[in-house]
Amino acid sequence: MAPVAGFLPVAPATSGRPSVGSRTSALVSTAPPAPLGHAPSWGAAAVVVPRMTMEAPAAGATAYPSTDKASVGLVGLAVMGQNLALNIADHGFPISVFNRSASKTRDTVARAEAEGLSDKLSGYEDMAEFVASLATPRRVIMLVKAGAPVDATIAVLREHLEPGDMIIDGGNEFYANTERRSKDLAADNLLYVGMGVSGGEDGARLGPSLMPGGPRPAYDALEPMLRSIAAQVDDGPCVTYIGTGGAGNYVKMVHNGIEYGDMQLIGEAYDVLKTIGGMSAPEIAAVFEEWNATNLQSFLVEITAAILRTTDDLVGDGSALVEKVLDQTGAKGTGMWTVQEAAARLVPIPTIAAALEARYLSALKEDRGAAAAVLTGPSTAVTPTLSADEKATLVASVRSALYASKICSYAQGMNLIRAAGKEYGWGLDLGAISRIWKGGCIIRAVFLDRIKAAYDVDAELASLLVDPGFASELASAQSAWRSVVTTAVNAGVSVPAMSSSLAYYDTYRRTVLPSAQMVQSQRDFFGSHTYKRLDKDGVYHTRWSSDGVTETQ
């Protein structure tokens, strides 16, 4: 295939919208698809100028010739799919859309009409007609549920695609599945891209962070469109080529793991300020708003303040809505995958693991209710009474603890990404990856500039913790950090992510770990697992339970 390196919008369709048929394809069925009936595309006569400026093709790029075919297709029209399709259309790229249930296709077409984008978006009910509407080499984005539904969708698409065509999976898929599918589709000369998409519903519509991985020629062909629809920050669009195979999905998976850590740390900061500081929701909202103008500036800190400002409109008593939310945190799997991958690669990520386990503990609502009647904790006042100065000191300390813990969480995630990249030969650029998280995505934060700068100075940096700048900040924060963790423990307020971050920092900075010496000795005692020595080369085993003689192995 001779990859196309650039895009230009094709001529808009001018046909009217005919009546809608009722046939759809059963994309999630594992059975052979039923014969597909003919269903026309939907267009509109109105031609409007796109409301957003489309990025011009890169210098030297080969543009599409003028054609009545769509530049790209998208399958899967839940809210994320709809919004991404509208984003693509908004940037001047004609797009065809398809969903196994026709109602969502109609909804998407209606949204495009309402937003003045009907000349750039056409809906189809028939898979064959949908694929036929695409310019070659065809580019089909999937946004369907991970796992079996993706395989079923590929099976239907595959019947209609030709060598050189591309499938782009934009869902939260496990990277090993992407690796498997890529190899399978390569047998038919089909290019498969696993692309992480972060930013939620708003990001998909207004500009997400994109993490595409797979064959480089496929990325080169998609790049102008991806650069145009991605979030835009001061140093460019939030997209870069991640690497081959499942690299894009892996980076997105770890991104989500870092997100788990970030969210839990913020939740713990809120808990400490509320439970120990005795602060009201509006007071804590003001704190987070202030923090969002500092080195903690981030999307998650920003929305935390907004959440704390929101009152319960169903009751109408002016109370904070967050205090009425059931204290059970959901999880969709990417956090679990991250922890499993870290364990498989012997990469410690205690902050992220603690955040995941905190969600699991929160799910034990009934058990916790029963335990509260049996288990006791420290004796504390029902309503804490701190002076204004004491509150200010607590706020400042929590801010330092949150920032230091956040550095640890990102350091753990980046170390996992690096370990996987080396194992699979993905050639990952950690600086570039941190840069594309600056906009669009859930973990976007101002200090990602600092992370990028650290990796630009030393691409092989062992850990963000040893970057001189971060090391200095951690040293400055540690007194307050320790104070917050100690205060929380003494008050019986669990801060698993903060305390895990501090333990990670303390373990990483020690040259000798007596606990590790004891555990390895125990292993040798009961299992003859041997050990090495600090003062001598070689491998040893001691007959601990008999004569105490040490043998060289």
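Caption draft 1: A look at the overall build of the chain. When helices and strands are tallied, the chain shows 19 helices and 11 strands. Across the 553 residues in the chain, those meeting the buried criterion constitute 49%. Sequence separation of 24 or more characterises 72% of the internal contacts of the chain that already satisfy a separation of 6 or more. About 24,400 Å² of surface is accessible on the chain, with carbon and sulfur atoms providing 55% of the total.

Caption draft 2: The side chain of glutamine 412, seen in detail. Looking at where glutamine 412 falls in the secondary structure, it is placed in helix α14 (residues 388-424). Only 2.9 Å separates the side chain of glutamine 412 from the side chain of threonine 351, close enough to count as a polar contact.

Caption draft 3: Broad picture of the nonpolar core. Core analysis: the biggest nonpolar cluster contains 84 residues, and Trp291, Trp437 and Leu464 have the highest contact counts within it. Ranked by size, the runner-up nonpolar core spans 35 residues in total, among them Ala85, Ile88, Ile141 and Val239.

Caption draft 4: Region of the structure containing the layout of surface pockets. The computed volume of the largest pocket comes to approximately 1,800 Å³. Along the wall of the largest pocket there are 44 residues; nearest its centre are Gln264, Gly267, Tyr270, Asp271 and Asp327. Contributing elements (two or more residues each) for the lining of the largest pocket: α8 (247-276), α10 (299-309), α12 (350-362) and α13 (365-372). Tallying contributions element by element places α8 first for the lining of the largest pocket, with 11 residues. Each residue belonging to the lining of the largest pocket can be placed in one class, and the counts come to 25 nonpolar, 11 polar and 8 charged. Estimates place the volume of the second largest pocket at around 1,400 Å³. As for the second largest pocket, its lining consists of 43 residues, of which Met80, Gly171, Asn172, Lys252 and Lys332 are closest to the centre. Listed by contribution, the elements that provide at least two residues to the lining of the second largest pocket are α1 (79-90), α4 (148-158), β6 (191-198), α6 (200-206), α8 and α11 (334-344). With 6 residues, α8 is the largest single contributor of residues to the lining of the second largest pocket.

What counts, and at which threshold
- Residues numbered from 1 in each chain as written.
- Predicted model: local features only at pLDDT ≥ 70, side-chain atom pairs only at ≥ 80, totals over all residues.
- Heavy atoms only, no water.
- Helix = DSSP H or I, 4+ residues; strand = E, 2+ residues; numbered from the N terminus.
- Buried < 20%, exposed > 50% of the residue type's maximum accessible area, 1.4 Å probe, protein only.
- Contact = heavy atoms within 4.5 Å.
- Areas by Shrake-Rupley, 256 points an atom, 1.4 Å probe, with all protein chains shown as cover.
- Polar contact = N/O pair within 3.5 Å; in protein donor to acceptor, adjacent residues only side chain to side chain.
- Core = buried A, V, L, I, M, F, W, Y, C linked by side-chain atoms within 4.5 Å.
- 1 Å grid on protein atoms, 1.4 Å probe; cavity = no way out; pocket = protein on both sides within 12 Å on 5 of 7 lines; lining within 4 Å.
- Points joined across faces, edges and corners; volume = space filled by probe spheres on them.
- Nonpolar A, V, L, I, M, F, W, Y, C, P; charged D, E, K, R; others polar.

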